[in-house]
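Chain residues, written in single-letter form:
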Amino acid sequence: MTAFHPAAPIRRLAGLGLLALGLLTGCAGPQPWEKGDLARPEMRMDRDPLEARFSGHVSASKEASSGGEGVGGGGCGCN
């Protein structure tokens, strides 16, 4: 038989509140006036184009696949 702790419902409610707060913070995307800053070359993940091409080549060689980098194409063949 387990004993009822009076703070248990409060802890559960606080935990659910923190979970909801954490999930709701990821809903905001960049505003239209912020997209210009994000499109600058300094904001790229691959700063070295040669390194990015080499990494893509290694990935294609090891996994027998190609593409998937950049903007175009999904995996559905409807490029």
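What this report covers is the structure whose coordinates are included nearby.

1. Topic: the overall build of the chain
Looking only at helices and strands, the chain has three helices and zero strands in total. Listed N to C, the secondary structure of the chain is α-α-α in terms of helices and strands. For the chain, buried positions account for 0% of its 79 residues. Accessible area of the chain: about 7500 Å², with a carbon and sulfur share of 62%.

2. Let's talk about helix H1 (residues 8-24)
Look at H1: 24 Å from first C-alpha to last across 17 residues, which is about the 24 Å you get at 1.5 Å a residue. Little of H1 is tucked away: zero of the 17 residues are buried.

3. Some thoughts on the pattern of salt bridges
Two side chains of opposite charge can pair, provided their charged atoms sit close to one another. Applying the stated criterion across every chain, the model contains two salt bridges. For the salt bridge of Asp 37 with Arg 40, the shortest nitrogen-to-oxygen distance reads 3.7 Å. A residue is classified by how much of its surface remains accessible, and Arg 40, at 38% relative accessible area, is partly exposed. Shared partners join several salt bridges into a network, and the residues in it are Asp 37, Arg 40 and Glu 42.

4. Points about a nonpolar patch on the surface
Judged by side-chain polarity, Leu 16, Leu 19 and Leu 23 come together as a nonpolar surface patch covering roughly 330 Å² of accessible area. Mapping Leu 16 onto the fold places it in helix H1. The class for Leu 16 is exposed, based on a relative accessible area of 55%.

5. As for helix H3 (residues 49-63)
Look at H3: 21 Å from first C-alpha to last across 15 residues, which is about the 21 Å you get at 1.5 Å a residue. Among the 15 residues in H3, zero count as buried, and that is only a small part of the element.

Criteria and thresholds
- Residues numbered from 1 in each chain as written.
- Predicted model: local features only at pLDDT ≥ 70, side-chain atom pairs only at ≥ 80, totals over all residues.
- Heavy atoms only, no water.
- Helix = DSSP H or I, 4+ residues; strand = E, 2+ residues; numbered from the N terminus.
- Buried < 20%, exposed > 50% of the residue type's maximum accessible area, 1.4 Å probe, protein only.
- Areas by Shrake-Rupley, 256 points an atom, 1.4 Å probe, with all protein chains shown as cover.
- Expected span 1.5 Å × (residues − 1).
- Salt bridge = Lys/Arg side-chain N within 4 Å of Asp/Glu carboxyl O.
- Patch = residues over 30% accessible without salt bridge, like charges linked within 9 Å, V, L, I, M, F, W, Y side chains within 5 Å.

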